[in-house]
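# Examination of the molecular architecture
Listed below, chain by chain, are the residues.
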Amino acid sequence: MMDSLRITAWLAWVAWLLPGHIAAQDYDMLIKKAHVIDPANTLNGVMDVAVSQGKIARIAPVIDGNATQVIDADGLYLTPGFIDPHTHVFVGTQAGLFANGVNSVSPDDFTFRSGVTTVVDAGTSGWRSFPVFKKQVIDQSKTRILAFLNIAGGGMTGADHEQDLQDMNVDSAVAVMRQFPDVIAGVKIGHYNGKDWTPFDHALKAAGQAGKPLFVECHLPEYSLEDQLAKMRPGDMITHTFENIKERMPIIGDDGRVRPFVEAARKRGVLFDLGHGGAGFWFDQAMPAVKQGFYPNSFGTDLHRFSMNSAMKDMANVMSKFMAMGIPLERVVEIASWNAAGAIGHPELGNLKEGNAADIALFRVREGRFGFMDSAGSGITGTRKLEVEMTLRQGKVVWDLNGLAAKKKAF
């Protein structure tokens, strides 16, 4: 009789350890029946997602358990929060400037509504102005903000200041990067009008000493595209990939093909960011490139005061635009999340691994007829468009378009 009781107790204990029982626990939030797309962890299907203490607690086809909040996500897609590696968010009071100025934008005003939970400021601050940027914007924002540090000490303070070679100090830049290693993602070079390669070489040297990537913007009219790419290392990033302006050779040659030296740079490990902005995206470059399998590695929007009201709009619009050009939804999500996380050296972001921060985008894909524009005013039409319903940042709802998380009351 005693042995029988012991066996019964042992079986009950084993049953308690089974996954079904383990799942029967309390969560802060349980998102039900979402179509989860997480390329980093090869997830693509309808699943439940549980969140506790700001982190991903569990992902499974069905999760049973109590939750403080239950979200019915039937018909919606759930992905990691999007990462925008090219923004200008050092907002301040200076008229006509990006650094501490009105040409930059407050990130929380624009990120969450498009599913973005992490941005990287693209060199708006330099080694001298970064502490102000951190105190004034980074530390005050709910959006996770990282930064590429401009090799020019004052950052984007206007053409005259950004030509000062004496202000491009390698040691000072490296010291600031080592002081804030988790926030500064790399070094930016851009907006230099001279022929002297000192700015580029200083930026490359500072990035190398800090073990960070170099971020190369355009507005370097005296440097050829081929020479820039030749100097870049695997893991370095060049932005405004699909621009077609006088100051830089476009990536598509006269034969309609991606130029061989551009393809060679990509194969060597140089990363090509979108950098849409107000003038950095042209269909006559992007469409032939996409057809040839040359996709951007990341969807930097180049968010600033002017681009958000032009053809760029926001991250969701950019992603929809590339879907209209033929890139599948799953690949678009990968570019906007896992690819970008790797490019900025933060593999803990851009994926839904259990224990990671619950940075989540919930969106629907609307069906219809939608128009998308480029920087030249040209347009194409598409039949699918992303519309972000809800965004979570570290498990907290920071955007809720249609009140999915609203308390249900009878009136």
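Description of the structure in this document. (Residues numbered from 1 in each chain as written. Predicted model: local features only at pLDDT ≥ 70, side-chain atom pairs only at ≥ 80, totals over all residues. Heavy atoms only, no water.)

### Here's the deal with the pattern of salt bridges
Two side chains bearing opposite charge may form a pair once their charged atoms approach each other closely. For clarity, the threshold we go by: Just to be clear on terms, a salt bridge is a Lys or Arg side-chain nitrogen sitting within 4 Å of an Asp or Glu carboxyl oxygen. Strands are runs of DSSP state E lasting at least 2 residues, helices are runs of H or I lasting at least 4, and numbering of each runs from the N terminus. Between buried and exposed lies partly exposed: a residue is buried under 20% and exposed over 50% of the maximum accessible area for its type, with that area taken using a 1.4 Å probe on protein chains only.
Counted according to the given criterion, the structure contains 14 salt bridges. For R266, the salt bridge identified is with E263, shortest N-O distance 3.2 Å. With R266 and E263 both in helix α7 (residues 260-268) and three residues apart, this pair spans about one turn of that helix. Accessibility expressed as a relative area gives 30% for R266, which makes it partly exposed. Take E263: its relative accessible area is 18%, and that puts it in the buried class. The partner of D359 in a salt bridge is R393, and the shortest N-O contact between them spans 3.5 Å. Taken together, the residues D359 in the loop between α10 (329-343) and β14 (360-373) and R393 in strand β15 (residues 379-393) connect sequence positions 34 residues apart. Here D359 and R393 have matching classes, each one buried. What emerges from the salt-bridge pattern is a single network uniting R144, D359 and R393.

### So, the pairing of strand β9 (residues 144-150)
Rule in force here: Viewed with both strands pointing away, a crossover whose connecting path from the first strand over the helix to the second turns clockwise is right-handed. For two strands to be treated as a pair, DSSP must find at least two bridges joining them.
By the criterion of burial, β9 is predominantly enclosed, with seven of the seven residues buried. Residues R144, L146, F148 and N150 point to one face of β9 and I145, A147 and L149 to the other, with burial holding for every one of them. Taking the sense of rotation as the criterion, the β-α-β connection linking strand β8 (residues 116-126), helix α3 (residues 130-136) and β9 turns out right-handed. Two strands pair when backbone bridges link them, and β9 and strand β10 (residues 184-189) are joined in this way by four bridges, in the parallel orientation. Bridging across to β10, A147 finds its partner in I184. With helix α4 (residues 170-179) bridging β9 and the parallel β10, this β-α-β connection has right-handed handedness.

### Some thoughts on the sheet that holds strand β12 (residues 237-238)
Worth spelling out the cut-off: Any two residues whose heavy atoms approach within 4.5 Å are treated as being in contact. Simply put, an axis is a line fit to the C-alpha atoms, just over the touching stretch for a helix, and the angle between two N-to-C directions goes from 0 to 180 degrees.
On the basis of which strands lie adjacent, the open sheet formed by seven strands has the order β6-β8-β9-β10-β11-β12-β13 and parallel pairing. Among the strands making up the open sheet, the edge pair consists of β6 (82-87) and β13 (271-272). Across the sheet, helix α5 (residues 198-210) is in contact with β10 and β11 (214-216); its angle to β10 comes to roughly 165°.

### Focus: unusual backbone geometry
For H219, which is not a glycine, the phi torsion comes out positive at approximately 60°. Among the secondary structure elements, H219 is positioned in the loop between β11 and α6 (225-231). Owing to a relative accessible area of 24%, H219 belongs among the partly exposed residues under this scheme. Its identity as a non-glycine residue notwithstanding, Q394 has a phi of 50°, on the positive side. Here Q394 lies in the loop between β15 and β16 (396-400). By relative accessible area, Q394 is classed as partly exposed at 44%.

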